[in-house]
Structures are given as C-alpha cells and as structure tokens.
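Here are the chains, one letter per residue:
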Amino acid sequence: MNQSQQAHQHVLSLIEQACQHVHRDPKSVQLLAVSKTHPSQSLREMYQIGQRCFGENYLQEALEKIEELQDLQIEWHFIGHVQRNKTKHLAEKFDWVHGVDRLIIAERLSNQRLDSYKPLNICLQINIDGQDSKDGCQPEEVAELVKQISQLPNLRLRGLMVIPAPDNIAAFVDAKTLFDQVKSLHAQPQDWDTLSMGMSADLDAAIAAGSTMVRVGTALFGKRDYSA
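Everything numeric here is computed off the predicted structure, so don't read it as measured data. (Residues numbered from 1 in each chain as written. Predicted model: local features only at pLDDT ≥ 70, side-chain atom pairs only at ≥ 80, totals over all residues. Heavy atoms only, no water.)

**Topic: the overall build of the protein chain**
Per the secondary structure count, the protein chain includes nine helices and eight strands. In terms of C-alpha radius of gyration, the protein chain reaches 17 Å, essentially the compact-globule figure of 17 Å for 228 residues. For the protein chain, the residues scored as buried account for 48% of the 228 residues in total. Long-range pairs, those at least 24 residues apart, make up 57% of the contacts in the protein chain between residues at least 6 apart in sequence. A distance of 3 Å separates the average location of the 23 positive side-chain charges in the protein chain from that of its 29 negative side-chain charges. (Helix = DSSP H or I, 4+ residues; strand = E, 2+ residues; numbered from the N terminus. Rg over C-alpha atoms; globule rule 2.2 N^0.38 Å. Buried < 20%, exposed > 50% of the residue type's maximum accessible area, 1.4 Å probe, protein only. Contact = heavy atoms within 4.5 Å. Lys, Arg positive; Asp, Glu negative; His and termini not counted. Charge placed at Lys NZ, Arg CZ, Asp CG, Glu CD.)

**Re the state of the cysteines**
One pass over the full model with this rule turns up zero disulfides. The cysteine Cys-53 is free of any disulfide, with Cys-123 supplying the nearest cysteine sulfur at 12 Å. Judged by its relative accessible area of 8%, Cys-53 falls in the buried class. Summary of cysteine pairing: Cys-137 is not part of a disulfide, and the nearest cysteine sulfur, belonging to Cys-123, is at 12 Å. Taking relative accessible area as the criterion, Cys-137 reaches 2% and is therefore assigned buried. (Disulfide = S-S within 2.5 Å.)

And the structure:
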C-alpha cells in the first residue's frame, strides 16, 4: 500500500469511526478531497485508488488541473470565494460551486451555464458564527436566498456550506439547525441534501452535528506548500 492509499484509507476510517460514534451510516458522509496547491499527479494517484470528488480554491490553478486531468471522470468542486468576474469559468468547468453567498452570483452562474450541461450544483456559504474574516451570507438571509435561487434555471441548489472558527463546535449544530429549517420549507426537499462542513481537524464534531460532506486536504495530501 503506497502513501496515497494509506492516507485515503486513514481518512475513510476516521469518517467511519465518527459515524459509528453517533450511529450514522458512513455512506451518508461524502469525502471531498481538497487538492489546492497539490500537483495534478497527486490527484491522479488519489483517483486511481477510488477518489472521484476534488475541491479547488484557486480558479486558475484549478483550470490548469482540469485541462491536465481531462481524461479522468473527476467531479470538480469549487470551494473558494466566488468573484463576479470568475463565474463564467465556474459555470463552464465545474460540477459544484460551494461559495455562493449572493443572488447576483447565482444569477450569473445560471445565465452562463450551458443548457446542454447538467444543472450546476451549488451550496450557499453561510457565515454561521459572524466572523469578520469569513465570506458568506448571514443566517437570517438564507430563507429568502433559497426562495430566489430555487427559481433559477440551470442550477440545482443542494444545501449549505460553512467554515466555523476553529473549535467552535456549537456552530456546526447551528448550521444543522438552519439546514433542517430550510429543508422543511424548500419547494424541492429531495434536492436539499448537502451540508458541507468539517475538515481534517474537526471531522468528528462536524459529523456528529450532521455533516454530509467533509472537505479534507492535509490529512490526504500532506501539508500544503504555498511558496510555489
């Protein structure tokens, strides 16, 4: 078993253990491999052992990887901040966009998504604990945004994404409460199925609170090199 296989299996084991602690089916939690700053070859190795979903934060870097790995059936997730002038690339090249926090961004993604493509899956990013340094809409804005975005063509609104402050376990619980509140009002509850929260350091707390997708980078690929 090589290093990539060991890391991947280790993370899957952590997810399984976290689910067992709260009597959840491990299949109810999806692993999103956060591959920012890591080379295409590392993604290819992870793909070869079964990983299919990869998350990128930096658009230009992601576009280069998408081109280099176009022979693979990767499900590409954009999990960085969404700028208005970058929506065209996101609408054309990605399967998921996690950082939507304004109606104008959703409208641009919908307008720029080709009708021949499957609808673009999106998550609303919520600033769940009011951090000044974090992007995301406010919790009280969610219901109205869901109502408006749900009416846009070419999009499939799937759920929420949050990045709480470190060790703020209560924020995970708050996010799950908000997620459930919206689901009870959503016109298409079968689409409202994704609560994207939890990373390498806080998998247990996120899964215990109800996360359905954990975003893991360091535990899979090792520490990132930002000097390149």
